[in-house]
Amino acid sequence: MGFFSFVQEIAMDLGTANTIIISDDKIVVDEPSVVALDRNTDKMIAVGAKAKMMYEKTHDNIRTVRPLRDGVIADFTACEQMMRGLIKMVHSGSRLWSPSLRMVIGVPSGSTEVELRAVRDSAEHADGRDVYLIFEPMAAAIGIGIDVEAPEGNMIVDIGGGSTEIAVISLGGIVSNNSIRTAGDDLTADIQEYMSRQHNVKVSERMAERIKIHVGSALTELGEEGPEDFTVHGPNRITALPMEVPVCYQEIAHCLDKTVAKIENAVLFALENTPPELYADIVKNGIYLSGGGALLRGLDKRLTEKINIQFHIAEDPLHSVAKGAGIALKNVDRFSFLMR
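Note that the structure is a prediction, hence the values are computed from the model and not measured.

1. Remarks on the overall build of the chain
Across its full length, the chain carries 10 helices and 17 strands. Considered along the principal axes of its C-alpha atoms, the chain spans approximately 60 × 60 × 35 Å. Going through the 340 residues of the chain one by one, you find that 54% of them count as buried. Taking contacts inside the chain between residues at least 6 apart in sequence as the whole, the part at least 24 apart equals 64%. Carbon and sulfur atoms form 50% of the exposed surface of the chain, whose accessible area is close to 15,700 Å². Across the chain, the mean location of the 34 positive side-chain charges is 6 Å away from that of the 48 negative side-chain charges.

What follows is the structure, given as structure tokens:
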């Protein structure tokens, strides 16, 4: 981008947990979707990682918000502020004016018209001039390197923070899709509830997320690959005295079982509504897992055993939607599935 460029092109994966921005083929922003606002003036204090450090640690004058819930915008003003803050990180160089933006944004495939409108409006208020929307499973497929325009069926399961998108893609369109509001955040909530019920220890959302990352698993038997136990510190729920509880991956696998089963059922439901020709392609090619949820230990194995179709984890599951949106940005004129 030269000094005198009037239009800047960015691709954005606006996620419930993380927001990733790609500009000039590079990931320039990869930050948590959190914004800290002054409670009295609604001015932005911090955004991204800085705001996440404040999350669940603030006093009365600061509120930290996760503007997206279940994959869709829950707090319109906070989302707009967050987008502005993150976009500012992209062109932090000295510019006499801020360029107008051409944007491609990934949205959940189960979004209603109102939800799509909310994303578009937020982007326009954050200086977006040309705003295109792309469904997340479609973007993930492009990011993984699948030829989405080929007359061949491919299935993507994109497990994000707020929603799980399951889609069968062929000829540049989504043939059958199933979007459920069960994803990473639900796994975190399961862990919080389990620790409170089973061990009588109060854990914050951030602590539950750390447990999920360190010892989260979809299978009770991981053999050699099993992670070491993780020690949880927190107050006793009844006496408020400090506690130290070691947690192993087997018990976390038990507590996540119901939520993982919901994702399994959603995949089966999407397969049920797939035309037989495409179904045959999917059996041959396997099913691709993307999004942060794909990193849950043993998930691919569990799904493969349950559904009898091979599951592959994308090479860089966290960034596949953003990468796909970046490729779509370059082919705005060619890809007919982008929504204005």
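And the narrative resumes.
2. So, the environment of Thr 77
By the secondary structure assignment, Thr 77 is in helix α2 (residues 76-90). The exposure class of Thr 77 is partly exposed, given its relative accessible area of 47%. Along the chain, Thr 77 and Met 89 lie 12 residues apart, while their C-alpha atoms are 19 Å from each other. At a separation of 3.3 Å, a polar atom in the side chain of Thr 77 contacts the side chain of Asp 75.

3. Comments concerning the domain arrangement of the chain
Looking at the chain, the domain boundaries give domain 1 (7-139 + 322-330), domain 2 (148-182 + 257-315) and domain 3 (184-255). Put simply, the middle of domain 1 and the middle of domain 2, counted by C-alpha atoms, are 26 Å apart. The interface is formed by 13 residues belonging to domain 1 together with 15 residues belonging to domain 2. Interface of domain 1 and domain 2: buried area, both sides summed, is about 1,100 Å²; carbon and sulfur atoms make up 59% of it. Considering only the surface of domain 1 that becomes buried against domain 2, Asp 70, Pro 137 and Met 138 emerge as the three largest contributors, covering 52% of it. The interface formed by domain 1 and domain 2 holds one salt bridge in total. Applying the counting rule to domain 1 against domain 2 returns three residue pairs in polar contact (both at pLDDT 80 or more).

4. Re the sheet that holds strand β17 (residues 311-313)
The mixed open sheet is built from five strands, whose spatial order is β13-β12-β11-β16-β17. Each edge of the open sheet carries a strand with a single partner, namely β13 (173-180) and β17. Taken pair by pair, the neighbouring strands of this sheet meet at an average axis angle of 20 degrees, ignoring direction. Pairing between strand β11 (residues 154-159) and strand β16 (residues 287-290): four bridges, direction parallel. Along β16, the bridge assignment pairs Met 155 with Ile 287. Strands β11, β12 (164-170), β13, β16 and β17 of the sheet are contacted by helix α7 (residues 249-272), whose axis makes an angle of about 155 degrees with β13.

5. A short note on the nonpolar core
Met 155, Met 195 and Val 267 are the most contacted members of the largest nonpolar core, which has 45 residues in total. For this core, the two domains that each supply at least three residues are domain 2 (148-182 + 257-315) and domain 3 (184-255). Formed by 29 residues, the second largest nonpolar core is a distinct cluster that contains Cys 79, Met 82, Met 83 and Val 119.

6. Topic: the side chain of Glu 80
With respect to the helices, strands and loops of the structure, Glu 80 is situated in helix α2. For the buried residue Glu 80, which engages in no salt bridge, the nearest side chain bearing the opposite charge is Arg 84, 4.4 Å off.

7. So, the pairing of β12
Summarising burial for β12: seven of the seven residues are buried, a large majority. Relative to β12, β11 is paired through six bridges, and the arrangement is antiparallel. Paired with Asn 154 across the strands is Ile 169, a residue of β12. Hairpin remark: β11 followed by β12, antiparallel, with four residues in the connecting loop. Sheet topology places β12 next to β13; seven bridges connect them, and they run antiparallel. Residue pairing in the sheet places Glu 165 in a bridge with Ser 179 of β13. As consecutive antiparallel partners, β12 and β13 are separated by two residues, and within that stretch Leu 171 has a phi angle of approximately 50 degrees, a positive value.

8. Topic: the packing of α2 against helix α3 (residues 113-125)
The description of two helices packed together rests on the angle between their axes and the distance between the axes. Interhelical geometry of α2 versus α3 gives an angle of 50 degrees and a closest axis separation of 9 Å. In terms of orientation, α2 and α3 fall into the oblique class. Two packed elements cross with a definite hand, and for α2 against α3 that hand is right-handed. Across the interface between the two elements, Phe 76, Cys 79, Glu 80, Met 83 and Arg 84 from α2 touch Ala 118, Asp 121, Ser 122, Ala 123 and His 125 from α3. Classifying every residue of the contact of α2 with α3 by side-chain character gives five nonpolar, two polar and three charged.

The rules behind these values
Residue numbers run consecutively from 1 along every chain, following the written order of its sequence. The model is predicted, so local features are restricted to residues of pLDDT at least 70 and side-chain atom pairs to those at 80 or more, both for listing and for counting; the totals for chains, interfaces and linings are taken over all residues. Derived side-chain values reflect all non-hydrogen atoms in the structure, with water molecules and hydrogen atoms excluded from consideration. A run of H or I in DSSP becomes a helix once it reaches four residues, and a run of E becomes a strand once it reaches two; helices and strands are each numbered from the N terminus. Working definition: with a 1.4 Å probe on protein chains only, accessible area under 20% of the residue-type maximum means buried, over 50% means exposed, and in between means partly exposed. The contact criterion used is simple: two residues touch if any of their non-hydrogen atoms lie within 4.5 Å. The Shrake-Rupley method, run with a 1.4 Å probe, gives the accessible areas here. Residue values count only the displayed protein chains as cover. Note that His is not counted, nor are the chain ends; the positive residues are Lys and Arg, and the negative ones are Asp and Glu. For charged residues, the charge sits on one atom: NZ in Lys, CZ in Arg, CG in Asp, CD in Glu. Contacts described as polar in this section are N or O atom pairs within 3.5 Å, which, within protein, must combine one atom able to donate a hydrogen with one able to accept it, while residues neighboring in sequence count only if both atoms come from side chains. Residue ranges labeled as domains rest on an automatic or database domain assignment. Throughout, the accessible surface (probe 1.4 Å) given up by two parts as they are put together, summed over both, is called the buried area. By definition here, a salt bridge exists when the distance from a side-chain nitrogen of Lys or Arg to a carboxyl oxygen of Asp or Glu is within 4 Å. When DSSP finds two or more bridges between a pair of strands, those strands are recorded as paired. Fitted lines through C-alpha atoms serve as axes, helices being fitted only where they are in contact, and the angles separating the N-to-C directions of these axes extend from 0 to 180 degrees. Definition of nonpolar core: a set of buried residues of the types Ala, Val, Leu, Ile, Met, Phe, Trp, Tyr and Cys, connected through side-chain atoms within 4.5 Å. Reported orientations rely on four angle classes, namely roughly parallel under 35 degrees, roughly antiparallel over 145, roughly perpendicular from 65 to 115, and oblique for the rest. Here is the rule for handedness: rotate from the far helix to the near one, and if that takes an anticlockwise turn smaller than a right angle the crossing is left-handed, while a clockwise turn gives right-handed. Only Asp, Glu, Lys and Arg are considered charged, only Ala, Val, Leu, Ile, Met, Phe, Trp, Tyr, Cys and Pro nonpolar, and every remaining residue, Gly among them, polar.

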